[in-house]
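# Results of the structural survey
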Amino acid sequence: MSDNKPPITPGGGGAIPGPAAGAAPPSPPPPPPKDTFTVLFDGKPIEVPKHVNLIEAAKLAGIEIPHFCFHPRLSVVGQCRMCLVEIEGIPKIQAACTTPLKEGLSVKTTTEKVVQSRAANMEFLLINHPLDCPICDQAGECKLQDNSFGYGDQRSRYDEKKRQYAGFDRTLIGPHVIADMTRCIQCTRCIRFCQEIAGTGELTFLDRGGRTLVWTHDGKPLSNDWSACAADVCPVGALTTREFRFRSRVWYLEKTKSVCPGCNIGCNISIENRDFTVYRFLPRLNPAVNDYWLCDYGRFLSESLNLCEVEKATAREGDSVSELHVPAAVQKIAASIRGASPSDVFFLGSAHLSNEENFLLRKIADQIGCANRDAVVDRSRARKMKSKSEWIEGDHAGANFAGAKDMGMSPGAGGYGLEEVLSGKAKPAVIVAADAAFSQIADDPEKVAVLRRAKFLAVAARTANALTRAADVLLPASSLAEKEGTFTNVQGRVQKFERAFLPRPPARAHWELLLLLAVALGFGDRDWTPQDLRRQIQAEVEGYDEVTEEELSGGILMKKGTFVSVGAI
Amino acid sequence: MMGEKVLLARVGRADSRSIGTYVADGGYKALRTVLTGGWTPEKLTDEVKKSGLRGRGGAGFPTGVKWTFVPKDNKGKPVYLLCNADESEPGTFKDRLLMEEDPHQVIEGIILSSFAIKCRSAYIYIRGEFYLGARILNKAIEEAYAKGFLGENILGSGYALDLTVHRGAGAYICGEETGLIESLEGKRGQPRIKPPFPAVWGVFGAPTIVNNVETLACVVHIVNRGAEWFAKIGRNEKNSGPKLYCLSGAVNRPGVYEAPMGLQMKELLFGADFGQGMKGGKKVKAVIPGGASAAMLTAEEIEDCPLDFDGLVAKKSMLGSAAIVVMNEDTCIVEAAQNLSKFFAHESCGQCTPCREGTPWLHKVLTRIEEGRGRLEDIDLLERISNQMANGMTICVFADAAIAPVLSSVGKFRDEFRYHVENKRCLVGPRSDDARPSTLNPQLVAS
Amino acid sequence: MSHRRYNLEESGRPAEFPADARARIDRILTRYPTKQAALLPVLWVAQETWGWISKEAAEEVAKILDLSPAHVDGVLTFYTMYNLRPVGKNLLQFCTSISCHLAGAERLMDRCAKRLGIGLEETTPDGKFTIVEVECIAGCDKAPSMMVNDTYYEPMDERKLDALVEKLSADA
């Protein structure tokens, strides 16, 4: 964990200079340098990129070298000693993670020495480790369990009292992280994360030898913006998150690929869910956006996806509000749109809605000849995320403002936007707000009162606010977890999120509600899927011509090689 | 050459610490020879190589060869010389003597060695407990600066050197060269992965040479009297020069003794000029030849046992820091092993798994045996734990050091361990009732 | 020494280095190419100023050297000679490594502790003595070897130790 660490250079850098070579006979010109090395694993050669760690190179060869302290984005420390292998030409076993790659390196991972060293190391790690598996959140995604099963001995020969850390177990060390030092295996991943990625250095080793533990400076909690990532990198249950504590065994959780709704950086997440409930967000690796990380704010929005305050469609008659079926509610909205002149209708999209949803809303407006459309987003505090190569910044309180604008949710020729409506310059008769949570404006009684001046206010929502309470027709919408779609992030990258589970009827995804409205207005096909909508986007929206299903699996830039996003700010 | 004191020439003399005494005795002549006599760093390095000087800190690596590991083109980075004065190996006390009684010999050695590797800034890393040594060195350094032996343009040669005393604060592992480097950088003294070696990438990311106090003192004499002279002293070319031996334990006259490298063990213990025999006429039971990290030898094994690097390797032990600890027939070997294991459990830095977990485990098992709660399986267990801790399992050789007393005591005194287990008491030695059987506070054994 | 070094204690007062200590620190900083390298020497200045290193002192040192307090904690707790709590006027350090052990160091230490009525790492109620067990202090030829504060007393025995303790007790 040195701060001025040496480069673990490929090519065996740092070796003791050898004796000078004698005169050599004339030789043919050297071949052009390649950017890979040939490395042999258990006799089998494979080409590996020069700048990866030996553990990563082994993975490319399909060989697992067990490890704890190595992490692809943190400095190499070689402390856990789990990755010991035999290197041809070196008599003693070597740590794979600290062995520089070089041409012709020959690694043996299945010899007696290696097998024994792994079993020995597991024995050492387990002698003081508490038998907490039955109550430890890490079970099922615990490297200690995995490596013990894979490489350890079944018996324990330890007959002494196990080391404990009274006062340093089961304690909150920050707003989100619970530390239990009795489980710690002193790998220093958490310390290195805080020093090297977060840059805040809250964690340190204290004491030494067998009494070593990881802790914060008293009074300075683990409170950086990405503190829960320390719990992510912890290979055991020494650091866990408070919000997830005891909530579920991880092997029951389904993993759904999604994108964080917290801001316009669009970190890739895995929505971990079960039984129509979201249990947690975990970061999903994307070196171009969030790499291995996820900020605490975004991560702990997970619980908000379970909130469902608008369960049924409702319609207001005077002072009374009654429930009705969604199709009937949609018909009411269509009727009032048809009953008004197009210039008196106003369509409000949202930075929280997907490209498909904003696109469909725009299409509805176009179909009835209405140019009054808009989408706004609140500014949030500055957020930062470390991709593999750089820091990305965002400051929108919604994931898809850029996409909403790209889809055309801005006033058309001769049309007006939200500003004119709120200032009173424009007085629409019908307002269709596709997402009641579009901004803090929707919870501001004064502003909502202005919107309420419209004769007919139609709103789709999942959570209640001043706007939903003022609506004439309120449609129940579902969460991010209950639909698929795409967001366009601050980089102009279009990223797809998938559906974890179906919405709870009668609530539906916003795009489903909008599709019902389109059909009620006489256009579109009620069998359209988000995929169909994306094909239309690809054909009709400027700059999205390369957004195909294949490209979306990786998350692409709109225009290869350039940033051109109409709405990205 | 037998009786001549080279390194200890001034020790015991009145005012031996002052620069006046040192200069009057021929001190700083070597510095003059090298800096104003047209020596190049390469010539000095060659002399030291020819002398066969090997590190006196414990590893015994050829000093001149080590100096050549500094890259010829180090891309403008400074080179550092670090004097390892962290002497903490149990049984060792020679560097303390040299620094407290003849600091200028050490300083002159440092300046010469710094010149050889083109270093402009050197540090003496001295253990925190040597308060007196640090004060004495600081005063001597002040004197040296005042006389122009340190600082800018030394002796008008253009060579400049700054020397700073840096105090440690209680960690044996800071005697390991990369642990020392980490500590000097203001961190926990946790040894680094090697390669890269310090000569290429050391303190502050720059080429660094770490040399022991006694090694550096020898350099003065190599310059003054020649590499050949140095090489001829001692048992053979590979084990050359005058050597300081630290004798302690059950002998009549413990102390620091100087003799040509390769002194016979029995001479050190029994010689009239040295240990003068066993206290109370007791018999030798076991001897640790090179500090706690060296395998102990039985009474039979010390017959014909030259105290030098190769001689002790031949006995499957090592010279290490030349700390000879003598145990007599009244010593319980189990208790001695337990005491040694306590040292290693306390001093492990804790960064890598086998040592962090293995050293306390060894100590706990030995404590149980010592306290009469051992089992026969524990004896094999001790060997097994030891064998899975070393030989590449760890980042540094601390673990290899920690297992040496365990493996050698169990291997050579197995019957005594068995007796201990079966009878729940020591085989030998008077144990009075109020003698605490364990060296650990009982509260702490549990942790 | 086996006791765990986990917690810093609060002194309850802000830690401001007096002017002469500050001057020493400034001189120390000129001897190293990085501020971090001055950490061990500066911690020694702190210990010499206050006798021990409190949480406030650790934070002040961190501030002066541009280090995180966690880093300072990590160093402080790694090295055994930094006192994490106030110690008695006389810190009695008994070496119990092999040569001193062979010479009966633990018996000497235990006897002293019993007579003073304290355990290891504890301080007498009058604040005069603290007893700690240390590893080899390089006094092996004069075993059993011990230190009181920064001074060696070796070889030590029961009689000499009793006399020393009496003398130190009588000192104001």
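Residues numbered from 1 in each chain as written. Chains lettered and ligands numbered in written order. Predicted model: local features only at pLDDT ≥ 70, side-chain atom pairs only at ≥ 80, totals over all residues. Heavy atoms only, no water.

### Quick word on the pattern of salt bridges
Inspection of the entire model under this criterion finds 89 salt bridges over all chains. A network of salt bridges, in which partner residues are shared, links Glu123, Asp153, Arg155 and Arg157 of chain A together with Arg384 of chain B. (Salt bridge = Lys/Arg side-chain N within 4 Å of Asp/Glu carboxyl O.)

### Points about the packing of helix H2 (residues 112-127) of chain A against helix H3 (residues 143-151) of chain A
Packed helix pairs are characterised by how far apart their axes lie and by the angle those axes make with each other. Residues and elements named next belong to chain A. The N-to-C vectors of H2 and H3 enclose an angle of 140°; their axes lie 9 Å apart at closest approach. With respect to H3, the axis of H2 lies oblique. Between H2 and H3 lies a crossing whose hand is left-handed. The segment H2 lies against H3, with Arg118, Ala119, Met122, Leu125 and Leu126 engaging Leu144, Asn147, Ser148 and Tyr151. Here the contact of H2 with H3 is built from residues that sort into six nonpolar, two polar and one charged. (Axes fitted to C-alpha atoms, helices over the stretch in contact; angles between N-to-C directions. Helix = DSSP H or I, 4+ residues; strand = E, 2+ residues; numbered from the N terminus. Parallel < 35°, antiparallel > 145°, perpendicular 65-115°, else oblique. Left-handed = near helix turned anticlockwise from the far one by under 90°. Contact = heavy atoms within 4.5 Å. Nonpolar A, V, L, I, M, F, W, Y, C, P; charged D, E, K, R; others polar.)

### With respect to the sheet that holds strand E2 (residues 129-134) of chain C
Residues and elements named next belong to chain C. Spatially, the four strands line up as an open sheet ordered E2-E1-E3-E4, and their pairing is mixed. Only two strands of the sheet have a single partner each, and these edge strands are E2 and strand E4 (151-153). Across the sheet, the mean angle separating the axes of adjacent strands is 25° when strand polarity is ignored. Bridge count between strand E3 (residues 146-148) and E4: three bridges; the pairing is antiparallel. Of the residues in E4, the one forming a bridge with Val148 is Thr151. (Pairing = 2+ DSSP bridges.)

### What about the interface of chain B and chain C?
Chain B puts 68 residues into the contact, and the matching count from chain C is 48 residues. Note on chain B versus chain C: buried area summed over both sides is about 4400 Å², and carbon and sulfur give 55% of it. For the interface between chain B and chain C, the tally reads five salt bridges. The interface formed by chain B and chain C holds 27 residue pairs in polar contact (both at pLDDT 80 or more) in total. Across the side of chain B that touches chain C, the residue classes break down as 30 nonpolar, 22 polar and 16 charged. (Buried area = accessible area lost by both parts, 1.4 Å probe. Polar contact = N/O pair within 3.5 Å; in protein donor to acceptor, adjacent residues only side chain to side chain.)

### Here's the deal with the interface of chain B and chain A
Contact with chain B, which involves 47 residues of that partner, is made by 42 residues of chain A. Our enumeration of links across chain B and chain A arrives at five salt bridges. A salt bridge links Arg208 of chain A to Glu347 of chain B; its shortest N-O distance comes to 3.0 Å. Viewed at the interface, chain A and chain B are joined by 22 residue pairs in polar contact (both at pLDDT 80 or more). Secondary structure elements with two or more residues in the side of chain B that touches chain A: helix H13 (333-347), helix H14 (353-370) and helix H15 (376-387) of chain B.

### Concerning the nonpolar core
Side chains that are nonpolar tend, in soluble globular proteins, to be buried together. In terms of nonpolar packing, the biggest core is built from 171 residues, with Ile111, Ile124 and Phe417 of chain B together with Tyr79 of chain C touching the most fellow members. Considering every element that reaches this core, the biggest residue donor is helix H9 (residues 213-225) of chain B, with eight residues. Contact partners of Ile111 of chain B, with chain neighbours within four places excluded, come to Tyr28, Leu31, Phe149, Leu150, Ile154, Tyr159 and Leu161 of chain B. Core analysis: the next-biggest nonpolar cluster, separate from the first, contains 66 residues, Ala198, Phe281, Leu301 and Phe497 of chain A among them. (Core = buried A, V, L, I, M, F, W, Y, C linked by side-chain atoms within 4.5 Å. Buried < 20%, exposed > 50% of the residue type's maximum accessible area, 1.4 Å probe, protein only.)

### What to know about the domain arrangement of chain A
The domains assigned to chain A are domain 1 (1-110), domain 2 (133-305) and domain 3 (307-558). Centre-to-centre separation of domain 1 of chain A and domain 3 of chain A, based on C-alpha positions: 53 Å. (Domains from an automatic or database assignment.)

### What about the packing of aromatic side chains?
Evaluated as defined, the whole model comprises 31 aromatic pairs over all chains. Relative to Tyr252 of chain A, the ring of Trp251 of chain A has its centre 6.2 Å away and its plane inclined at 55°; by these criteria the two rings are tilted. An aromatic cluster is present here, built from Tyr131 of chain B together with Trp44, Phe78, Tyr79 and Tyr82 of chain C joined pairwise through their rings. Positioned over the ring face of Phe244 of chain A is Arg280 of chain A, at 4.4 Å from the centre of the ring. (Phe/Tyr/Trp six-rings, centres within 6.5 Å; stacked < 30°, edge-to-face > 60°. Lys NZ or Arg CZ within 6 Å of the ring centre and 35° of its normal.)

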